[in-house]
Structures are given as C-alpha cells and as structure tokens.
Amino acid sequence: MEVSGIAREKDMYINEQIRAKEVMVIGPNGEQLGVKPIKDALTLASYAGFDLVLMSPNATPPVCKIMDYNKFKYESKKKQKENMKKQRETNLEVKEYRLSVTIDVHDFDTRVRNASKYLEKGHRIKVSVRFRGRQMAHQELGRDVLMRFADAVKDIAVIEQQPKMEGYFMTMMLIPNKEK
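What comes next concerns the included structure. Note that the coordinates shown come from a computational prediction; the quantities given were computed from them, not determined experimentally. Here the residue index of a chain counts from 1 through its sequence in written order. Local features in this predicted model are restricted to residues whose pLDDT is 70 or higher, and side-chain atom pairs enter the listing and the counts only when it is 80 or higher, whereas totals over whole chains, interfaces and linings include all residues. Only heavy atoms go into the side-chain values, all of them from the structure, while hydrogens and water stay out.

Once that is clear, we can look at helix α1 (residues 38–48). Per-residue accessibility, obtained with a 1.4 Å probe over protein chains only, is compared with the maximum for each type, and a residue is labelled buried under 20%, exposed over 50%, and partly exposed between these values. The numbering of helices and of strands both runs from the N terminus, where a helix is a DSSP run of H or I of at least 4 residues and a strand a run of E of at least 2. Taken together, the buried positions of α1 are occupied by I38, A41 and A45. End-on view of α1: buried residues confined to an arc of 65°, all on one side of the axis. Facing away from the buried surface of α1 by more than 90 degrees, the exposed residues are K39, S46 and Y47. Following α1 by one or two positions, G49 has its phi on the positive side, about 80°. Within this analysis, the arc is defined by the directions that extend from the helix axis to the C-beta atoms.

This is the structure we're talking about:
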C-alpha cells in the first residue's frame, strides 16, 4: 500500500501522513508532552531526529509518539519471528510409522533411521503394528516388533505410552530424550 510515495505497514501513519489537526504527543522516553498542533509535533520530532508515528488514531485527540520508526519496525518483526518460533516449538508434529508383524530387516532399519531424524528434531513418534487375520492370535509378536523398535532408538527416545491394542492396531508413543 503506497501513500504519497512512502510505503506504510499495517496502517501506521508517520510524519506527513498524519492528517489530524491536533495530536497528543508522547516523547521518545515515554513522557507526555501534551496536546499540540501537528506542525509543532512534526517540528519536535525532526529536532529530536526521530519520526512522529500515529499510535492510536481513534483516540480523542489522536496519540502520536516520537520514535525511530525503522527501529520500531525492526524490533516488531524480530518479536513476531520469536513468537512464531515459540509457536512452532509448541506445535511439534506426531509422526506415525506403521509396521507389520512380518516386517523385513531392511524395511525395519529404514523406518528406524527415518524415525531417528524426526526424534532429533524434537517430534513425537507413534509406532503401530497392524494385525491381519490369524495374526490377532499372536499379539506378542507385534509387541516384540514394537519393543525392538523402541530398543533401536533408545539412545534418543523414551517410551511415553507402552504398547496397547486399539482394534486391529497395537500402538506405542515415543518422545525424544530430554537430556541431550
């Protein structure tokens, strides 16, 4: 969005973009300088070497602050990035790996290797074994496969939820080790 040749971000009016006749001025250190005509406020800001930024346009009179606008934008973007990083950390994924009772050694090793990468990133892993037909009669074989998987990643993960049956599936949850 372009206004008088100066780009503005999220409707933050600065300097000559402010159209109010009188504004409440807040100094660079947070002190209130009182209600002043816009020309006087712009003069104060230019003498201080800062910008006049409209903070609250709906107030009566509108509130403006004398500050370094570029520094303000930089710090707000930095805060936003930090918040996004924290949000990503709290929203870690749960990756599911499906195994079978009769899984081959190489398939098993591949799944262990892929799961290790996810665990190192801090994600949780759900490992499940599907039982088909007569395999339901030998659930201990599925439990053995799950425990072998947990044993293969024991240096980087701990069992959060022990293997348990859910229909035709036996599932187990693994979380990354805290002490790294």
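Side chains on a regular strand alternate between the two faces of the sheet. Strand β10 (residues 169–176) sits mainly inside the fold: 6 of its 8 residues count as buried. Strands are treated as partners if at least two bridges between them are detected by DSSP. Looking at chain direction, strand β8 (residues 124–130) and β10 are connected through 6 bridges and run antiparallel. For V127, the partnering residue across the bridge sits in β10 and is M172. Pairing between strand β9 (residues 157–166) and β10: 7 bridges, direction antiparallel. Within β10, the residue paired with K164 across the bridge is T171.

Read across the open sheet, the 4 strands follow the order β7-β8-β10-β9; overall the sheet is mixed. For this open sheet the edge positions go to β7 (94–100) and β9, each flanked by a neighbour on one side alone. Strand-to-strand twist in this sheet, taken as the mean axis angle between neighbours without regard to direction, amounts to 20°. Inspection of the sheet shows β7 paired to β8 by 7 bridges, in the parallel sense. When the bridges of β8 are listed, V94 appears paired with R124. Residue contacts are defined here by distance: any two heavy atoms, one from each residue, within 4.5 Å place the two residues in contact. Axes here refer to lines fitted to C-alpha atoms; in helices the fit is confined to the stretch in contact. Angles between the N-to-C directions go from 0 to 180 degrees. Strands in contact with helix α3 (residues 105–121) are β7, β8, β9 and β10; relative to β7, the strand with the most contacts, it is inclined by about 170°.

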